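# Report on the structure
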Amino acid sequence: MSIQINYKNNDLKKTSTNLVLFVEENFNISGLKKYISSSEFSYISDLLKNSDLKKNLLFFEVNSKKTIFLVSIKEKIEASDIESLGAEFHSYIDYDKKDEYFINPDSINSKFENFLGHFLHGLKLKSYKFNIYKSKKNTKHISINVIGNENKITTKNELRFRAIEKGTFFARDLVSEPPNVLNPKEYANRLLKLRKLGIKVTVYNESQMKNLGMHSLLGVGRGSINESFLVTLEWNGNNKDKKAPLSFVGKGVCFDTGGISLKPAKFMEEMKYDMAGSAVVAGLIQTLATRKAKVNAVGVVGLVENMPGGNAQRPGDIVKAYNGKTIEVLNTDAEGRLVLADALSFTEKKFKPRFMIDLATLTGAIIMALGEEYAGLFSNNDDLSNKIFKVGEKVKEKVWRLPLHDNYDKLINSTI
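## Re helix α3 (residues 115-126)
- With 12 residues, α3 should reach 16 Å at 1.5 Å per residue; the first-to-last C-alpha distance of 17 Å fits that figure.
- For α3, a buried count of 10 out of 12 residues is recorded, marking the element as mostly surrounded by other parts of the structure.
- Every buried residue belonging to α3 is among F115, L116, G117, H118, F119, L120, H121, G122, L123 and L125, and all of these are buried.

## Description of a nonpolar patch on the surface
- Judged by side-chain polarity, Y408, L411 and I412 come together as a nonpolar surface patch covering roughly 390 Å² of accessible area.
- In this structure, Y408 sits in helix α12 (residues 406-409).
- The exposure class assigned to Y408 is partly exposed, which follows from its relative accessible area of 44%.

## Structural notes on the sheet that holds strand β13 (residues 355-359)
- If you walk across this open sheet you meet the five strands as β7-β8-β10-β9-β13, and the pairing is mixed. For this open sheet the edge positions go to β7 (200-204) and β13, each flanked by a neighbour on one side alone. This sheet shows a mean twist of 15 degrees between the axes of neighbouring strands, independent of strand direction.
- With eight bridges connecting them, strand β8 (residues 229-236) and strand β10 (residues 296-306) associate as antiparallel partners. Of the residues in β10, the one forming a bridge with W235 is A297.
- In this fold helix α9 (residues 336-351) packs onto β7, β8, β9 (246-256), β10 and β13, with an angle of close to 155 degrees to the strand it touches most, β9.

## Thoughts on the nonpolar core
- Within the largest apolar cluster, 31 residues are counted, with the highest numbers of intra-cluster contacts made by Y187, L191, V231 and L233.
- Of all elements in the fold, only α4 (155-176), α5 (184-192), β8, β9, α8 (276-290) and β10 reach the threshold of two or more residues within this core.
- If we skip the residues at most four places from it in the chain, Y187 touches L174, L182, C254, M275, S278, A279 and L303.
- Listed in part, the 26 residues of the second largest apolar core include L85, I103, I108 and I144.

Reading the values: the criteria
- Residues numbered from 1 in each chain as written.
- Predicted model: local features only at pLDDT ≥ 70, side-chain atom pairs only at ≥ 80, totals over all residues.
- Heavy atoms only, no water.
- Helix = DSSP H or I, 4+ residues; strand = E, 2+ residues; numbered from the N terminus.
- Expected span 1.5 Å × (residues − 1).
- Buried < 20%, exposed > 50% of the residue type's maximum accessible area, 1.4 Å probe, protein only.
- Patch = residues over 30% accessible without salt bridge, like charges linked within 9 Å, V, L, I, M, F, W, Y side chains within 5 Å.
- Areas by Shrake-Rupley, 256 points an atom, 1.4 Å probe, with all protein chains shown as cover.
- Salt bridge = Lys/Arg side-chain N within 4 Å of Asp/Glu carboxyl O.
- Pairing = 2+ DSSP bridges.
- Axes fitted to C-alpha atoms, helices over the stretch in contact; angles between N-to-C directions.
- Contact = heavy atoms within 4.5 Å.
- Core = buried A, V, L, I, M, F, W, Y, C linked by side-chain atoms within 4.5 Å.

Put into structure tokens, the structure is as follows:
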């Protein structure tokens, strides 16, 4: 299944298939007379009298071939709200029919800049499907035709949205792949393909990591027949910027059984998602490169598989990390922090970044604490934390800061 966006010139009143129009809040349709016929206007006006005007979207079947969709625009609206409208509209698309959909941006009565771009962006993000292993694939294509002369998307903004979509879909593909396909080596090979975008990709194998002293990361992968890797992704989009780069570090545990501290069997199949933090980092760097962002950034991902086995790390083992600290392993299912310990130390020493943001699926306990609404944020930087909190509110990816304090350090001190 796929969505194709086309730009056409059509007479709206002669459009005989699905038509998407935008109206003011509470479905005030007075401005639509020039876009639909008099009979259609009267028909919709009558039906609106008994409709739920608190909804964001309503549709009316004018005849067997034509449906008119009305999208309600709130007076105070944000980009994430507009993208949600696009995603909601996608749920009405019928892939079993070979219908076309016509969107008329001329009917948009909103001062929000690039409204149409955000609407289509939300629609395309919602259209994502991971079905490459389906025996019978749905190969149908849906055409979304944008007609009208106003509120068009600029080329610059269209490229920006496309870059975000490509990076997002890349991350989603990585997270969705089964673990027998996306082992650390296959993952590293996929990241190497990003070189064609101008990203400098460096892969460190186990021998190289051993020489560097990354025994914290290496210990996690000891029980697996699949080799572990550390991969760096460097995007230098601004040669004039002499400041230190931005850095993003991701946990890439391609499958997490818990190791010797074996997880319960229930829901273990979901542990292919334990590399989601690294997928976000990879998708971000790809997005920056695709849109030729004028910024210098580096992504670092530790790719391992946490398996039980004759050579697996045991509870009670002691390993030495890249920065020289020794770590007593009490639970092999606390492997994410071991991967990140070396990845973060390596990033700090090699790239000397302005800041480091790491992303990881570290513990289900964060869901017990915050539920599904917020991601947990831990930081030693108040300014950076405030910025992440504010931008999270803006794009509806909310975070909640949790405390870090010296007294907590005592709880992780080992007697040996």
